[in-house]
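# Examining the three-dimensional arrangement
Each chain, written out:
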Amino acid sequence: MLETFRRQSRSVIIYVFFGIIIAVFIINFGPQSQGCTSTDTFAARVQRESLTENDFRYAMVMSGARDARIPRIREFVMDRLLERELLAKEAERMGFRISDDEVRALVETGTVVALGRRQDLRGRVFKDDTFDYDQFKKFCQYEVGLTVKRFLEHQKRELLAEKVRETVRASVRASDEEVLGDHVGRELQVNLEFVRLSPRKMERDVAVSPAEIDAYLAKSGEKVKERYATRTFLYTKVPREVRARHLLVAAPAGGKPAAARARAEALLAHAKAGEDFAAIAAGGSAGAQAGARGGDLGWRRKGATGLGEAIDQQLFAAKEGDLLGPIEDAAGAHLLRVEGVREGDLPLEKVRRDIAEEILREEKASALAKKTAGELLARLRAGENWESLFAAEATEDEAAGADDEEPAADIEKQKAAVAAVAALTPWKRAETGLFPRSGSAVPKIGLGKDVMHDAFALRADQPLAEKAYDIAGSFFLVRLKERREVDMKDFEARKSEIATAYVSQKSERMLAELSKTLCVEAKPTVNPAVVASGGGGEGEEDGEGGTYSPCKTLGVE
């Protein structure tokens, strides 16, 4: 039997059979292969031109992407590959051509172009300081995953795209006035002092009466429904919450704690006799929530009252209407009245008054912030001193960090002085630091075209801005602290260098705009599974929660 097989193996059919096996093995497992995996999976299509998954792998490797699993990186590289292809097509439309000889000549220098950047490959494709084809072939096959032929085709597309970039860069011009304007926009800088009046910080000083809540619900009940609908999650599976009014009788400095307790017991007697606890708290409390809000703490969860664990234990064990206290601690003697208790799923009917009160408090606090800003601005215009009206944010830290050689008593005096000023000036001043006109936002203040415009019109002899600025709901008073002028001598000395840098930046902006326009007009198709990390399906979301679409990162400076 063995002899018979040997004789048959010499036949032409057997030789052909073994030849087919060998060919299949080479195709699937040879150096140029990707194993048994398909190498022509569709990755993108640009104006009838298809790019495969291997083409995308080339772009990933040549871009130097270190973590190919991150979707955001893959999207960025895909957009740059699309950009390369679109610019190459634009070059062909303009009549540019790249010969095979040009491509070979470039590669043999050890230089290649990848997604608009030139890269030095001499360390990988040179041997004894000379281009080595075998080394180059290994680089293409094992590092990039392409045949030599396909790699050179990519280089031809890269060089075509370079032709468009070179054409745009060569066409960009800038007048002296344009260069100077850009330079001034970046080099002229100001540092502002500002005071922020936040309505949220003023809400505790705003009173909202039951009658006002009734009137608001009658007039604007739909707004309450809308807010409830947009914040339903706040009223679902709510842990136990308590709404209470708080009264603190502060322990006298250096005095006897018994005095605070006696005063608290007297006030408690008035509350038990039926007097309004809110009025008692407003008139007799040293707590932060006294005054307009009558000691109202609002709805609080356990651990969030700010009153300490001992008081929380009693407060969250109480029921609506309970009076608690006096409870003594280092601060003094505390009295509380439980206004309400709630937990679980809260329907609209149960929270509609709370929501109406919340909206009213926000509106009143905003109006109060605006009114206060106007009053403070009027005082400044009348000649009142900025530093005496507003305490510096860093003053306490500066006092705490005073020279170690100063006597302790002097440091304590400084701290006491700071505390006294802070008590009289609840508004703190801060600084933006130096910033240029060319920015889109004012540091620490935010987006505000009026502030940006007016800031550079302020001068040392007229440092105060003429109005209060409403930015994102807060009101800002602004004053010039420092102005750094442009050094015109330096500009004249470096004019050529500055102009060259400006033209370069301008040309890159124009190229970015061209790429974005070409990509939007071409409407390329991309396989989302290729862009997604580790594969994926149609509609897979990107790294920031939105579905990837081609061109998204193009045109971004």
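Here's a quick rundown of the structure. What you see is a predicted model; the values in this text were computed from it and never measured.

Conventions used here
Residues numbered from 1 in each chain as written. Predicted model: local features only at pLDDT ≥ 70, side-chain atom pairs only at ≥ 80, totals over all residues. Heavy atoms only, no water. Pairing = 2+ DSSP bridges. Helix = DSSP H or I, 4+ residues; strand = E, 2+ residues; numbered from the N terminus. Axes fitted to C-alpha atoms, helices over the stretch in contact; angles between N-to-C directions. Contact = heavy atoms within 4.5 Å. Buried < 20%, exposed > 50% of the residue type's maximum accessible area, 1.4 Å probe, protein only. Polar contact = N/O pair within 3.5 Å; in protein donor to acceptor, adjacent residues only side chain to side chain. 1 Å grid on protein atoms, 1.4 Å probe; cavity = no way out; pocket = protein on both sides within 12 Å on 5 of 7 lines; lining within 4 Å. Points joined across faces, edges and corners; volume = space filled by probe spheres on them. Core = buried A, V, L, I, M, F, W, Y, C linked by side-chain atoms within 4.5 Å.

So, about the sheet that holds strand β8 (residues 238-250). Ordered in space as β9-β8-β11-β10, the 4 strands form an open sheet in which the pairing is antiparallel. The open sheet has two free edges, formed respectively by β9 (296-301) and β10 (323-329), since each of these has just one partner strand. Neighbour-to-neighbour, the strand axes of the sheet open up by a mean angle of 35°, direction not taken into account. Bridging between β8 and strand β11 (residues 332-344) involves 11 bridges; their strand directions are antiparallel. If you follow Glu241 over to β11, its bridge partner there is Arg342. Sheet strands in contact with helix α12 (residues 257-272) are β8, β10 and β11, and its direction is about 175° off that of β10.

Take the side chain of Arg243 next. Residue position: Arg243 is located in strand β8. By relative accessible area, which is 12% here, Arg243 ends up buried. Only 2.7 Å separates the side chain of Arg243 from the side chain of Asp296, close enough to count as a polar contact.

With that out of the way, let us pick up the layout of surface pockets. Quantified by volume, the largest pocket comes out at close to 780 Å³. As for the largest pocket, its lining consists of 24 residues, of which Glu203, Arg293, Gly298, Trp299 and Glu358 are closest to the centre. Sorting the residues of the lining of the largest pocket by element identifies β8, β9 and α15 (348-381) as the ones contributing at least two each. If you tally residues by element for the lining of the largest pocket, the top one is α15, at 6 residues. Counted as a void, the second largest pocket has a volume near 580 Å³. Along the wall of the second largest pocket there are 27 residues; nearest its centre are Ile213, Arg243, Arg245, Asp354 and Glu357.

This part takes up the nonpolar core. In terms of nonpolar packing, the biggest core is built from 51 residues, with Tyr58, Met78, Phe139 and Phe151 touching the most fellow members. For this core, the element with the most residues is helix α4 (residues 71-93), which contributes 8 residues. Setting aside chain neighbours within four positions, we find Met78 in contact with Ala43, Ala44, Phe56, Val526, Val530, Val531 and Tyr548. Core analysis: the second largest hydrophobic core is formed by 30 residues, Tyr228, Val351, Ile355 and Phe475 among them.

Strand pairs in the sheet, formed through backbone hydrogen bonds, run parallel or antiparallel to each other. Pairing in this open sheet of 3 strands is antiparallel, and the strands run β2-β1-β17 from one edge to the other. Whereas interior strands pair on both sides, the edge strands pair on one side only; in this sheet they are β2 (49-52) and β17 (525-526). Bridge count between strand β1 (residues 42-46) and β2: 4 bridges; the pairing is antiparallel. Counted as the bridge partner of Phe42 is Thr52 from β2. Sheet contacts for helix α3 (residues 53-63): β1 and β2; angle to β2, the most-contacted strand, approximately 65°.

Following the sequence through the fold, Arg227 ends up in helix α11 (residues 210-230). Among the residues examined, Arg227 registers a relative accessible area of 17% and is labelled buried. With sequence-adjacent residues up to four places away left out, Arg227 is seen in contact with Ile355, Glu358, Ile359 and Glu362.

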